[in-house]
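Structural characterization, general
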2 protein chains.
Amino acid sequence: MEEMTKVVLDAMGGDNAPGEIVLGAVNAVKDRPELSVVLTGQEDAIKKELSKYTYPEEQIQIVHTEEVIETAEPPVLAIRRKRDSSMVVGLRMVKEGEADAFVSAGSTGALLAGGQLLVGRLKGVERPPLAPLIPTKNGVALLVDCGANVDARPSHLVQFAKMGSIYVKNVLGIENPRVGIVNIGAEEEKGNQLVKETFPLLKACEDINFIGSVEARDIPDGVADVVVCEAFVGNVILKLYEGVGATLLSVVKQGLLSSTRSKLGALLVKPALKKTLKKFDASQYGGAPLLGCKGLVVKTHGSATAKEVYNTLLQCKTFKEQNVNQKIMECFSVPEQE
Amino acid sequence: MEEMTKVVLDAMGGDNAPGEIVLGAVNAVKDRPELSVVLTGQEDAIKKELSKYTYPEEQIQIVHTEEVIETAEPPVLAIRRKRDSSMVVGLRMVKEGEADAFVSAGSTGALLAGGQLLVGRLKGVERPPLAPLIPTKNGVALLVDCGANVDARPSHLVQFAKMGSIYVKNVLGIENPRVGIVNIGAEEEKGNQLVKETFPLLKACEDINFIGSVEARDIPDGVADVVVCEAFVGNVILKLYEGVGATLLSVVKQGLLSSTRSKLGALLVKPALKKTLKKFDASQYGGAPLLGCKGLVVKTHGSATAKEVYNTLLQCKTFKEQNVNQKIMECFSVPEQE
């Protein structure tokens, strides 16, 4: 019998909670008998959603919590004060070994703070980075770091590269993932102080497949599987990806609906267009892990639908089965002297 | 009679030189009697292109140069060594007051180095930023800085904001332009060290319309007219804009051509789509000025077509007529004591 993976899911987080969150959990346990989900949040609201479906009931559990952390709250304060919130209770369960992972579509800031303050870092990890997946022409890339810890040091970036590489290999199944550092030119002498100092360190790493500098222009083209940068730049990349994508698609849509002729054409192209655009959507791969924590903490989009929640739950399962944290620890441990 | 504007145009720079460059010049002088263009580069090649068109010949002059600076060359070295290149000769003409502006689609690095080393900074300007225009939903925004000087200080960013504001107001005609600083959240306490230090300085500026932090996600939506950031981040934004745009459009195209039905639809939507996408194209506004130099230095895309060259020449004309450099100097000058 396969080992069970137990994931705590924040039923109150995100724009579509609890409806889409609960549905994602239902679909996941139906497909995976070796997955169990704990939903934290308002019991009544969760029960009401669950009552809509038939599913293996022994695989879903509810832990009632009274409070909800709002996106606008100061993260650290919220984590410290709202001890009976769906997020804090979930993170504590991971901390205490009662669950393997915690997943939330709620406040990113609170989740990052909670991951560090409540769950804690693996031994040897200096800083846990948030590593979302971004779509590329033919798949996906892991962008590490997009977290809240800006002004990183070179040693942090080296750890991001290593953890990202382990994650992509073991969870996404990409062998020998290509690791690139975000830079403003391809040459080694280019870049800001941080990149210039980090570059030779990455070059010297024997356990990653470092391909050198990656220009932002080439990221969507899929030149690297792991894209390393400090969090400010990572955040800009992540947000701009979404922004340019959304604006461009709205411009395309506007074009399609601008005349009678184009409207007719739009009807004809719609199914095919939908299909190709679906490929350019990272949510099918799951949420963004906060790498290097004791246990797994995953952030899904605030707008996460049942599909993204479903994929994230499966991602947690793979993470556990592949012993990713064990591999991270082995990578960072100083070998003991004989 | 209107004052003449004299622009030196690098006939050798960019992927489409000299053909598209020369055509852009021809079209511009035909439309603007008060514009004169000096083409620097291989005389024979330029003459061959010019011979294809009829135009007011007294408005176009050729200055023959032997050398061409290649994109791959180390910028500072190239500027120092290739004294008879189309770029160095052009920049020197601006320096010596023989021309108002220099425009090139050639090596960005060499142009930035040449702008600073040969043309020089206006009094009071600490660092000349490169400020390309990026498309937004309903127009365009000036992204300042995307240059080669990374690791900027807060005082630099304040100057970028002021110069950007003056440029957008006077050259693009946007009254009271909204100035935002790129940040990873809307709150004042967010950001890296540089942004946190710069924010209150911008807030205290009385001569700009500072709207606070701008998240990368909102830039394409057009929330700000002047988007301030240091050059590493600016470069990432600029390149990612191009990258996401190109990849997404290739995905859309792939969708349109994926079936017989969609191909038929594509024929119907093509004209309308082309029209709306044209709006999402900053090249119609001209090239990227290197702000704060004595004279004007403008970089167009390496792939610049005649249309972009044409628009850039008109932009140089407006720059001169509006006395932009005079306004920048007034903004930075310390008032003398009575």
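The sections below set out a description of the structure shown in this document. Residue positions within a chain follow its written sequence, with the count starting from 1. Key to labels: chains lettered from A, ligands numbered from 1, both in the order written. Residues qualify for local features only when their pLDDT is at least 70, as the model is predicted, and side-chain atom pairs are given and counted only at 80 or more; totals for whole chains, interfaces and linings, by contrast, use all residues. No hydrogens and no water enter the side-chain calculation; it runs on all heavy atoms of the structure.

**Side note on the nonpolar core**
Note the cut-off: Among buried residues, the Ala, Val, Leu, Ile, Met, Phe, Trp, Tyr and Cys ones that are joined through side-chain atoms within 4.5 Å form a nonpolar core. To sort residues, take the accessible area from a 1.4 Å probe on protein chains only and compare it with the maximum for the residue type: under 20% means buried, over 50% means exposed, and anything in between is partly exposed. Contacts are assigned to residue pairs that have any heavy atoms within 4.5 Å of one another.
Core analysis: the largest hydrophobic core is formed by 174 residues, its most contacted members being A:L39, A:I237, B:L39 and B:I237. The contact partners of A:I237, leaving out residues within four places of it in the chain, are A:L143, A:V182, A:I219, A:C229, B:V236 and B:L240.

**A word on helix 5 (residues 108-119) of chain A**
Structurally, the α-helix is built with 3.6 residues per turn, so residues lying three or four positions apart point the same way. Residues and elements named next belong to chain A. Rules: The helix count covers DSSP runs of H or I at least four residues long, the strand count covers runs of E at least two residues long, and both are numbered beginning at the N terminus.
All buried positions along helix 5 are accounted for by A110, L111, L112, A113, G114, G115, L118 and V119. Contacts from the buried residues of helix 5 go to helix 3 (75-81), helix 4 (86-95), strand 4 (101-104), strand 10 (288-290) and strand 11 (296-299). One or two steps after helix 5, the chain reaches G120, where phi turns positive at roughly 90°.

**Digging into the sheet that holds strand 6 (residues 139-144) of chain A**
Paired through their backbone hydrogen bonds, the strands of a sheet run either parallel or antiparallel. Residue and element names in this part refer to chain A. Keep this limit in mind: The pairing criterion is simple: DSSP has to find at least two bridges between the two strands. Every axis in this analysis is a line fitted to C-alpha atoms, fitted for helices over the stretch in contact. Angles between the N-to-C directions lie between 0 and 180 degrees.
The strand order across the open sheet built from five strands is 5-6-9-7-8, with neighbouring strands paired in mixed fashion. Strands with a single pairing partner mark the edges of an open sheet, and in this sheet they are strand 5 (133-136) and strand 8 (209-215). Taking the axes of each pair of neighbouring strands and ignoring which way they run, one obtains an average angle of 30° across the sheet. Packed on one face of the sheet, helix 6 (residues 154-171) meets strand 6, strand 7 (178-183) and strand 9 (226-228) and runs near 165° to strand 9.

**Quick notes on the environment of B:T71**
Residue placement: B:T71 occurs in the loop between strand 3 (60-64) and helix 3 (75-81). Overall, B:T71 belongs to the exposed group, its relative accessible area being 65%.

**Observations concerning the interface of chain A and chain B**
Put simply, the test is: Buried area counts how much accessible surface, traced with a 1.4 Å probe, disappears from two parts once they are put together, with both parts' losses summed. When a carboxyl oxygen of Asp or Glu lies within 4 Å of a side-chain nitrogen of Lys or Arg, that pair is called a salt bridge.
Listed per partner, the contact involves 52 residues of chain A and 53 residues of chain B. When the two sides are added together, the surface that chain A and chain B hide from each other amounts to roughly 4800 Å², 75% of it contributed by carbon and sulfur. Of all residues in chain A, A:I184, A:F232 and A:L240 give up the largest surface area on contact with chain B, accounting jointly for 14% of the area buried on that side. On inspection of chain A and its partner chain B, the count reaches four salt bridges. Between A:R217 and B:E242 there is a salt bridge; the shortest N-O distance is 2.5 Å.

**Things to note about unusual backbone geometry**
Residues and elements named next belong to chain A. Following A17, the chain continues to P18 via a peptide bond in cis, the omega torsion being -5°. Relative to the helices and strands, P18 resides in the loop between strand 1 (5-10) and helix 1 (19-31). Here N323, not a glycine, exhibits a phi torsion of approximately 50°, which is positive.

Geometric descriptors of this kind do not, in isolation, establish any biological role.
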